[in-house]
Amino acid sequence: MKTATVTWVTYNNYGTLLQAYALQRALKELGHDAFLLQASFSFHNILRKWYKSPLRVLKAWRRNRAEQRAEQLHPRKFREFAASRMTLSAKKYFSHRDLLNDLIAADALVTGSDQVWSGKTPFPPYFLDFGAPEAIRFSYAASIGSKARTDAEYLKKFRQSLTKFSGVSVREFEALEQCHLAGIESAVL
């Protein structure tokens with residue numbers, strides 16, 4: 001089964017990259033043709049909303065430049081690791097619209113791990129709202145961060161975002177609690 005994974009990957013954090021690698025390796029060992037969607041939304045989303053907070057764009061740009069300089073001074077070779085050890089999508093996705101406009105050839109879509117469900121509102125790409133309608137969708141150790149959201153409006157959106165999922169697996173007890181509060185009783189820790 002051709003399986004596309006989408007997760008929050010930065011090329012300056014050992015944990016996020018190793019989690020993406022481990023998930024891909026586990027899927028391949030189970031016999032799946034797994035690949036990681038090269039998706040990076042954060043900087044593009046900040047730029048798209050530049051008029052709301054020009055200072056936020058400047059801070060994001062400075063942080064991006066600082067990360068590039070740090071990589072030059074102390075190369076940790078994250079990109080080289082990903083390119084040599086992982087199967088990556090040929091195309092890079094910089095926005096939610098990019099994913100919606102592309103027919104991603106995958107029988108299954110999986111999201112999971114580091115902070116994918118930690119936003120103030122459910123971020124559609126991490127809830128797999130793209131791809132073929134018949135593709136199987138599931139989460140693997142999806143993380144909400146350190147605090148569960150319990151307000152009724154958020155829980156309603158959270159539940160709606162997971163309606164197409166065949167299975168939900170979360171990383172933290174708080175995430176499991178959030179799923180149960182949203183009425184997703186089949187979620188597992």
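The residue numbers shown here count from 1 along each chain, following its written sequence. Two thresholds apply to this predicted model, a pLDDT of at least 70 for residue-level local features and 80 or more for giving and counting side-chain atom pairs, whereas whole-chain, interface and lining totals are computed over all residues. The side-chain quantities take in all heavy atoms of the structure and omit both hydrogens and water.

A. Expanded view of the pairing of strand β2 (residues 33-39). We call a residue buried when its accessible area falls under 20% of the maximum for its residue type, exposed when it is over 50%, and partly exposed in between, using a 1.4 Å probe and counting protein chains only. Helix numbering and strand numbering both begin at the N terminus, where a helix is a DSSP run of H or I of at least 4 residues and a strand a DSSP run of E of at least 2. Burial runs high along β2: six of the seven residues are buried. Think of it this way: DSSP has to see at least two bridges between two strands before they count as a pair. Summarising the sheet, strand β1 (residues 2-6) and β2 pair through four bridges and their orientation is parallel. The partner of A4 across the bridge, within β2, is F35. Bridge count between β2 and strand β3 (residues 88-93): three bridges; the pairing is parallel. By the bridge assignment, L36 is partnered in β3 with L88.

B. Structural view of the sheet that holds strand β5 (residues 136-142). The strand order β3-β2-β1-β4-β5-β6 describes an open sheet built from six strands, whose pairing is parallel. Two strands lie at the open edges of the sheet, namely β3 and β6 (165-167), each paired on one side alone. Between one strand axis and the next, the sheet turns by 30° as a mean value, whatever way the strands run. Pairing analysis gives four bridges linking β1 to strand β4 (residues 108-113), with the strands arranged parallel. Bridge pairing links T3 to A108 in β4. Set on the sheet, helix α1 (residues 14-29) makes contact with β1, β2, β4 and β5; between it and β2 the angle comes to about 155°. Angles shown run from 0 to 180 degrees and are taken between the N-to-C directions of axes, each axis being a line fitted to C-alpha atoms and, for helices, limited to the stretch in contact. Residue contacts are defined here by distance: any two heavy atoms, one from each residue, within 4.5 Å place the two residues in contact.

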